[in-house]
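In case you want the letters, here they are:
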Amino acid sequence: MNVGLIAHDSKKKLMQNFCIAYKNVLAKNELFATGTTGRLIEEVTGLRIHKYLAGHLGGQQQMAAQISNNELDMVIFLRDPHHPNAHEPDVNDVVKLCDTYNIPMATNIATAELLIMALQNGDLEWRDS
């Protein structure tokens, strides 16, 4: 499965810890991330990640294009709802596109853990059809 990973600056450490905790599950899948998030995950996990540009430089738009082409099976986007970014329209586009194309998406750690468990259990295999 193809898994997208994005984290706002204040959530990057949380994303690293999440990926450390679920490294064995993530390693069985193709991982895609915005540039800085991807680099930080690679540094602590050794996982191979296809990296886009940094989010604010167009990485979220690159991920949105992949979503539009139905090339991602799930997205974990750890957002900081208290500190909106200048590129908030790009953030909203990712969320809207996941809703449009029925791509499971987590925007907080609780839902991310539910999705990763579903991935581990094979509950997202309907995406392969």
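Residues numbered from 1 in each chain as written. Predicted model: local features only at pLDDT ≥ 70, side-chain atom pairs only at ≥ 80, totals over all residues. Heavy atoms only, no water.

Caption draft 1: Layout of the side chain of Asp80. Within the secondary structure, Asp80 sits in the loop between strand 4 (74-78) and helix 5 (88-100). Buried charge without a partner: Asp80 forms no salt bridge, and the closest opposite charge is Lys11, 5.5 Å away. Here the side chain of Asp80 touches Ser10 through a polar contact of 2.6 Å, side chain to side chain. Once residues within four sequence positions are removed from consideration, Asp80 is found in contact with His8, Ser10 and Lys11. (Helix = DSSP H or I, 4+ residues; strand = E, 2+ residues; numbered from the N terminus. Buried < 20%, exposed > 50% of the residue type's maximum accessible area, 1.4 Å probe, protein only. Lys, Arg positive; Asp, Glu negative; His and termini not counted. Salt bridge = Lys/Arg side-chain N within 4 Å of Asp/Glu carboxyl O. Polar contact = N/O pair within 3.5 Å; in protein donor to acceptor, adjacent residues only side chain to side chain. Contact = heavy atoms within 4.5 Å.)

Caption draft 2: Region of interest: helix 1 (residues 12-21). Considered for burial, the residues of helix 1 that qualify are Lys12, Met15, Gln16, Phe18 and Cys19. The buried residues of helix 1 all sit within an arc of 160 degrees when viewed along its axis, so they share a single face. In helix 1, those exposed residues whose orientation departs by more than 90 degrees from the buried face are Lys13 and Ala21. Residues of helix 1 that are buried in the fold lie against strand 1 (2-7), helix 2 (23-26), helix 3 (35-45), strand 4 and helix 6 (109-121). (Arc of directions from axis to C-beta.)

Caption draft 3: Highlighting the environment of Met1. Inspection of the secondary structure assignment puts Met1 in the segment before strand 1. Taking the relative accessible area as the measure of exposure, Met1 reaches 23% and is therefore partly exposed. For Met1 and Asp73, which are 72 residues apart along the polypeptide, the C-alpha to C-alpha distance reads 6.0 Å.

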